[in-house]
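# Observations on the model geometry
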Amino acid sequence: MLRLLVASAHVPRPTSSGPGLHVSARFRGVPRSTRVVPEEHSPIWNETLVWPLGMCPLQPTASLTLRLRHWGQPAPQGDLGATTVSLDRLVADPGLPLSLADVPLLDPRGQPTGCTVTFRCSYIPHGTAEDTAVLQGQVPLRAVSPGSPHHPSKPSAGSKEDFQVRVRIIKGHQLQGNDIKPVVIVLIGQHRFRTRIRVGNNPYYNEVFCQNFYLTLAQLVVEPIRIQVLDSRATRAKAVIGIFQVRTMAEGRGVTPRSGRSHPLCHPRSWTSAPSAVRQEQEEPAGDEDVEANLLKPPPCAATLQLCIYRAEDLPQEAARQHLPSVGSKRGFVAAAVRVSFAGRTLCTRVMPPDANPEWNEVFFFPLRLPPICDEIQLAILSGSRSSKVLGTAVLHLSQISSAGAELEEGTPGFLPCFGPSFLPFYGPRPDAAGKLSTDTKVAYRGRVLLELSTHMRTPDGCQQATIAPEDVTRVQCHLPRHRFGLCGVFYSATMVPAGPELLRFELSLGNYGDMGDVTCKPAASVTPHGCPLFDGNRYHYLPWYGDKPVAAVTSSWEDASHRWDALNLLRALCRRLERNVAELRGARGDMVGDIGRRLLRQLAQDCGRALPRLEAQPTPTPLDTHLRATRLHVLRCMAAAAAVPPRAGWDTLLPVAEGWLGRVTALAVEPQAGVPDVLLWLLRGERRVACARVPAADIMFSRSGPGACGQLCGRIQTLFLVGSGDICAQLRLRLWLGRVADSKDLPRHLEGTLHVYVEMPPKGWRWKGPWTVEPQRRLLLDTETNMGEVLEDVYENESRQPSGEWGPAAVASTDASGTAVPPKEEVACPQGWHITDGWRVDVTGAVDEAGWEYGVSVDPGSPPAAWHATEKTYHTHRRRRWLRTRHRDPSAQGPEQDVASFLQLDGAHSTEAAGAEAWEYGSLWGRRFHLQPRTGDVCRRRCWHRGMVPTQPPPVAPLFLLEGSLGMEDLAEEDKPAVAEQQAQGSCRTSPKQPMPLILCTFPRPNFFQLRCYIFQALELAPRGTKATADPVAHVSFVHVSQSTQALPGTRDPLWDQTLIFHRVLLYGDPRGVWDEPPTVVVEVFDQDKAGPGGPAGELLAAFELLYDAEDGRLAQVSTPPWRQGGFSVPLGVRPLLQLVALEVLAWGLRGLPRGVRAPSLEVQCGGQTLRTPTITDLAANPNFPINAFLLMLHLPAEEEYVPPIRLRVLDMRDFGYRPEVGQACVRGLGQYCCQPHGKGQPPSSGTPQTSSGGLLPGSAAPWGRIAQLLPRITAKIGAEGKAAEEKKETDEDEGEEDWWSKFYTAMGDKTKSRRGTSGDRLKIYSCELEAVPDFGGLQDFCQTFPLYQPGGHPEAREDPVPVGEFKGLFCIYPLPEDPEVPPPPRHFQQLPPSQPQKCLVRVYIIRAFDLPPRDRNGLCDPYIRVSLGTKTLGQRDQYVPNTLEPVFGRLFELTGTIPLEKDLRVTLLDYDLLPPDQEIGTTTIDLENRLLSRFRAHCGLPTVYRTTGPGYWRDQLPPSQTLEHFARTRGMPAPEFSAEGTTVTFGDHTFLLSQFGGWGVGAPRERLALHVLHACHLVPEHLETRTLYNSTQPGLEQGKVQMWVDIFPASLGPPGPPVDITPRKPQRYELRCVVWNTRDVDLKDINLLGQRMSDIYVTGWLDGLEEQRQKTDVHYRSLQGDGSFNWRFVFPFEYLVAEQLCVLLRKEHFWSLDETVLKVPPKLILQVWDNDKFSADDFLGVLELELTRLPQPAQRPQDCTPMAQETPQSPWPWRRVQTPSWFSLFRQRRARGWWPCTVQEGGKRRLSGKVELSLELLTAKEAEERPVGKGRDDPNMYPTLPAPARPEWSFLWLQAPLRSLRYSICQQHRCRISLTLALLLLFALLLTFVYATPGYLAMKLVNPLQNLHLAGSEHQAAGHHAASVAKP
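Report follows, based on the coordinates.

What counts and how
Residues numbered from 1 in each chain as written. Predicted model: local features only at pLDDT ≥ 70, side-chain atom pairs only at ≥ 80, totals over all residues. Heavy atoms only, no water. Helix = DSSP H or I, 4+ residues; strand = E, 2+ residues; numbered from the N terminus. Buried < 20%, exposed > 50% of the residue type's maximum accessible area, 1.4 Å probe, protein only. Contact = heavy atoms within 4.5 Å. Areas by Shrake-Rupley, 256 points an atom, 1.4 Å probe, with all protein chains shown as cover. Axes fitted to C-alpha atoms, helices over the stretch in contact; angles between N-to-C directions. Parallel < 35°, antiparallel > 145°, perpendicular 65-115°, else oblique. Left-handed = near helix turned anticlockwise from the far one by under 90°. Nonpolar A, V, L, I, M, F, W, Y, C, P; charged D, E, K, R; others polar. Pairing = 2+ DSSP bridges.

### Section: the overall build of the protein chain
- Helix and strand counts for the protein chain stand at 25 helices and 90 strands.
- Residues counted as buried form 51% of the 1930 residues belonging to the protein chain.
- Considering only intrachain contacts with a sequence separation of at least 6, the fraction spanning at least 24 residues in the protein chain is 70%.
- Per element, the accessible surface of the protein chain, about 89,800 Å² overall, is 54% carbon and sulfur.

Written as structure tokens, this is what we have:
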């Protein structure tokens, strides 16, 4: 698994208004991308991208491409640069992550774009605990800053470690419900936490919950984080508002993965912002504008994984049961079951009875979420019940049996997980003959299981296990036909094997076939003959096979998967060639890029064209075959089409494309359905299996389709290392071939030698070939003294006696150590070619008396005693003593090469008769080892007769595959059974044992001679074993059957041997051209001379090797011999690295922190074989600095930096009696950082770090004025521009009294709204890390660096941290010296050093604030306070704590005095106040004050931007700027600056600067201002604020928060400092909010009166968020029939507001028993609710209005214009069309506002308008409120403004007060129209009735007397006339 942590980037010119930035990474063609962040100068991701590698390990040629891009823009325009990083360092050392900071990004032309990226890569090899435990999709690690303190390294795999999971609940948004009081429940694992109860749909929490775990990484990643949002008002059944769950995200120690997104709840449109983090979360989450983007995530798909388990084959036998009685054919087998684990769920089949091939026919169902989180399905075969031991395990990777499609190629079809039906091999530990399990797990083959896996897109129904139908079992069986396969192995050499006397042999097996311990398969010739290991004359042992190479042949029966192997090998061949071309293309430059690119495309097209026809014709018996075939065809066709056309953008763009091709093909070059197990090679020592090696079957598989489809190692010679118990037990060189037996006819012709088959009795189908011949057993009986130059002979003299008798010669006077009779010492002759150097002597060493005797008692007569003693007793009956003598080989005798050549008869041809006459082997007794030459005392001899055999008929296949089962052949005729061995002895004859299997040899007639030259130059970084601090290294070189050793160099860990080892006339059999293609492996092992062998990665070796062919024609003699030097051959000049004479200057400043027992330490510096010793520090307690500080060493070091040995430091203490123990050591690596150029003659020396070869110059270099002259034009122009801008703004004329330090702080934070005006150009630099971690200041170690010293010896294990025992402060400088001794050396660098005496200093510590602190109390908060300590002085009181907060603002100043360097470590500790001490430590940070005081960057006091003599920015340094500049020049050896009389001009470093160049603006004296500008141009530490990480001693690897602070150091020798800076925190201001509720409109009507009318009794209630206890309400507007209401009611809300943070400060006690008030900071938010008043039931909620006072929407001036406020800003799909956004304002600026705002209510998951409220808002300060008092409601004083009683309708009253009036208004008022209409209708109806009633009478009257009416009418008319006349007369 490959992990990429993208930490951050740097963009020089961000726009801050673009679409955002993200980093796109591509590995093996698979892209990954980070999240999108806003574009700024330093965007931070801290996000991990993961690539699962599966079974494909990381290759040295692999690379990773990173690209910084704009989101959503096309590639050319949106790219900000790219870089390609080689991953070879990760392959060399997977345990060491690759961390790169500020890597420059390049454009397509290769030019820097100015952008940089910081990232870290880590590689987890397949099979490790991290790889198996870590789930896909985890959040990555955070890079550790360079200035972080020492942290523990990553622990070993599977071990427990400390983790901290931290969840921060910030706020909720758009929660469901009306009038809710939400509370958040957080469950971290099994631990439950809850937030405070809030009010409203958008609650603000800002609460942190922390939980510590002590688990393994695998256990932590399965711990979930569950978050529930509940309504505290609702009932339990209806309380859940939403819920979601996330996985715990973790990676390692000392890092901070985090997730700062807004998580959607189950209900739509509801979310809570909850960043979760392991260790601690670091960044603030995105704002509200990013909420919708975070919500757009597709939910995972639910599926069911169905796994069918049919049956098993080849299950192992149990050794403990082999003694049980036989039960049919199942004796010794186990009762087995299969266990399957996936995604935290484990299922197990039933236990079957003992059988080799049990059948289960069961199916398992596992729930699966796509994309899958867990990648592995783990299977295990159990012995017996479910709790029994595991026989074997196997793993199915979902990444190999499924594909998402997009990861490979656009348009690639994806497919769901599927597998089989196919067999899956299982591997596990195998017990040896003694019943002990092998220490190397998953080595031995333990059987295989027939499986079938499929995926169905349906939700699991709860069923976990079922039985497979019989028809499905029958269907599967018909698809698994078997074929016979043959495995052949030719063993060329075996070296580095264990020493005797036990005989060795090798076993070749495939599954159970060829396994000698298996009884279910027929016996095969799978084992080499027994061999006795022979000493090679130097160190190792080997088996003397020479020209007769043993051959092993195994036949087996498997399913034919040739179609899968062919496709796999074709793809792997394509990958190998493409990988080689990509590696060459990566290193090519210039015109070579085009040539290599054309070759790459041509070969890629050829490989694709070769593979496509085979894939198209490939059968697909399983669904996985079908999907893999389709995917492979698609990818290869796309690659072939792309390779046919050259890249249009140029050959430089081919590399990333080719890497993408390589990644896609590599991902497809896997075959999980092979079914055939790996080939196993075992080393057998007697009957014990001591070592093993595995070879994948596909690598050696033969294919009839052609060489391209064969395995890469098929028929080729390869070198294998057999490993047992973690150590290399054998190096084996052999040739392997695997294929179908039907395809093996041509196999013998591919072997370089001649095959011979020897057997005692030929099987059926075989016949004898030739007569019986005699051949010496060269493979067994080569003399053990062949390669020895010195032999120690011993003979034991034996005497016996009767009890209390005299000693006399024993019955057997002379024996060996085991008691076997041997000739007397006088009869032991010296062999030919040897000579005796001294006579026989008695061995008096060991447990013997002074005469050499040892005594014992014999239990049985004639047998030697069982035990021997050094003291004689009366009951002893036997005694013996050992006689020794040494013989040496004659110098004139032939050497080992001649001995071997003579033994192998390489000097001439010998007839068979002569060979037979000399083929006797001699021995002293039967059963003992035989030897070649006769010796005195030999009593028996033997010789071997052999006879070959051949098949009777020429077979169609290789004959060696026809020998299976030859052990059970029938006996032949008597005449066909001659004696196979003749043995003669004096008076005795015995019969040799029979060989059980045929012997197959591959015979080579004559060897080829080669000469090997090993150029061993040096080794670096050797790690001595045991408790030694140094080593005596010696290198042993092994090649085939010979080895040599270098000289041992005492007392060094970086040995420089400079030695050439020459191996003359090395025998190699076979074609010399084959050696050119497949040379043998050269093994180099470096040992400590008096310790055991290497035990893991222990250093680096610089060596070269050359193999020369000795053709015996004299050409080898023409090759020049390496130069002879000091008794050996040295490395020639053309091979060895170039050495140069250099000067190593050492600045040894002092020692710090040594243990108390150290009294007078001194320092040893070792480099390049030379040692430098410093004078002793006489009084460490008074002055820990060395009396002499500068030293010089002249060395010859390699010119290449990678070959330079490190510098080793040793601290020795002077004790009494001359005892000098070593108390500490250190190793300084990477000396390139100390390389520099020598000073010229005219340049003065410097006291600081010299200029490096790269051209970088730190302050205090050899020519600082040149550097300043280069920087000043740019800096002065910048400062001048700023000054002119400041003048334009007239900031200098503002009152300085209005400023404070916090204004600078918030201005530096980028929040100008929190800063006051009038900073006058005074700036503050805030660093987000420690000052030591700022790259511009080099860790403040420019004068001297700090090197930790570690305990000598006792080296920790891998991944374990050593504990420092002290520190060395010093520096190194390396520069070349002239080779000519006549040329004078250059001046020294380390001169003009500051005084090394301790000095008293005043230290001012400014603590501003802390954040991200972990909770320490049960309420999820802590009560932090500060404790500052320097030496023995400690400041800080317990009662000065900040209660109940995780982000305290301290604003504290501490002043201490101390003596530096005796008191150099300043410790700032944050503790949690508890009622009863002791208080808990939160975290501590340590600052090295000495580094800051000595640094050339002037870090003891930051330089202000402006020089002031009054006000808050008063100059606080001891020296004014002009004197500081003079001191700066004096300490760097520069001439003093010369100022003009007016102070506007200064001459500094041969340059003249004018004040006008810097703008000429500012306050203060011109001289001081000009000096300050020049100081700033020197890149010194400015006035700053650093952010330091806190760590706890109980959990040293976990961050415990951060603290922002700075430190000022004032040496007493420079005078008194200026006044301290006032950093007292700002106090919150008291405000009063006056809210007048005037009217409401269109409010929802909830009630119905007696007449059915909808109405509401409206009232309004309101409060400030967080001040619910100050809730106020208006009076009730009764009987509102249209939703209108009039109130004229005033709310008055006093509160305290912190203007700087725009938050309300609330002081409250959480509980009545709380001791302190909790300071809560919440945004100022006014909450108004409209209610319907009810008397006999709960009031009805009508609507809510939430107004943030800092972000008020503009009110509407008319009710009809009031609409619901937009919850989000709409985005236009067209970039040129701008959407009008709502207008917002802050009430703290505008102070007054009046208008209509909408009220909303939640219905159906959406917000609906439920009314409108007319408000007037007025914000006053406390003083203004006091001057203009008002009352609440309409109470007195009713002013500002005066609120009249509301003009409400007459019917607006409570009906209980006037029922009749209520009836009047309810009936008359409401129904007057209806009443009037009803009366009118009634009157009309009455008139109508009257008319109807009167009409008949009137008509009758008219009919009866019609004239009467006329008469009456006339009379009436006359009467009227008379009346009128009478009226007119008067």
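### Details of the packing of helix H8 (residues 562-587) against helix H11 (residues 654-668)
- Across the interface, H8 lies against H11 with an axial gap of 10 Å and an inter-helix angle of 155°. Considering the angle they form, H8 stands roughly antiparallel to H11. Handedness of the crossing formed by H8 with H11: left-handed. Across the interface between the two elements, Leu 571, Leu 574, Cys 575, Leu 578, Glu 579, Val 582, Leu 585 and Arg 586 from H8 touch Leu 654, Leu 655, Ala 658, Glu 659, Trp 661, Leu 662, Val 665, Thr 666 and Leu 668 from H11.
- Tallied by class, residues from the contact of H8 with H11 come to 13 nonpolar, one polar and three charged.

### Quick look at the environment of Lys 1832
- Relative to the elements of secondary structure, Lys 1832 occurs in the loop between helix H23 (1822-1827) and helix H24 (1859-1904).
- Note: C-alpha distance between Lys 1832 and Val 1692 (140 residues apart in sequence) is 6.0 Å.
- Among residues more than four places away in sequence, those in contact with Lys 1832 are Gln 1672, Arg 1690 and Val 1692.

### Topic: the packing of helix H20 (residues 1521-1531) against helix H21 (residues 1566-1577)
- Where H20 meets H21, the axes come as close as 7 Å, and the angle between the chain directions of the two elements is 40°. With respect to each other, H20 and H21 are oriented oblique. You can see that H20 and H21 cross each other, and the crossing is left-handed. For the pair formed by H20 and H21, the contact residues are Pro 1521, Ser 1522, Thr 1524, Leu 1525, Glu 1526 and Phe 1528 on the first element and Arg 1567, Glu 1568, Ala 1571, Leu 1572, Val 1574 and Leu 1575 on the second.
- Taken together, the residues of the contact of H20 with H21 break down into seven nonpolar, two polar and three charged.

### What to know about the environment of Ile 185
- One can find Ile 185 in strand S10 (residues 182-188).
- Along the chain, Ile 185 and Ile 243 lie 58 residues apart, while their C-alpha atoms are 9.4 Å from each other.
- In this view, Ile 185 contacts Arg 192, Phe 193, Arg 194, Arg 226, Ile 227, Gln 228 and Leu 230; residues no more than four positions away in its chain are not counted.

### Some words on unusual backbone geometry
- The linkage connecting Ile 1460 with the following residue, Pro 1461, adopts the cis geometry, with an omega of 15°.
- Mapped onto the elements, Pro 1461 comes out in the loop between strand S69 (1449-1460) and strand S70 (1465-1472).
- In this structure, the amide linkage connecting Tyr 1840 to the following residue, Pro 1841, adopts the cis form with an omega of -5°.
- Looking at the element boundaries, Pro 1841 is found in the loop between H23 and H24.
- Despite not being glycine, Asp 102 has its phi angle at roughly 55°, a positive value.

### Looking at the environment of Phe 419
- Within the secondary structure layout, Phe 419 lies in strand S25 (residues 419-428).
- Between the C-alpha atom of Phe 419 and that of Ser 402, which follows or precedes it by 17 residues, the distance is 9.1 Å.
- Leave out the neighbours within four places in its chain, and Phe 419 touches Leu 396, Ile 401, Leu 424, Leu 451, Glu 452, Leu 453, Leu 624, Pro 672 and Gln 673.

### Examining the pairing of strand S21 (residues 345-348)
- Inspection of the sheet shows strand S20 (residues 336-342) paired to S21 by four bridges, in the antiparallel sense. Across the sheet, residue Ser 341 finds its bridge partner in S21, namely Thr 346.
- A loop of two residues connects S20 with S21, the two strands running antiparallel in sequence, and Ala 343 in this loop sits at a positive phi of about 55°.

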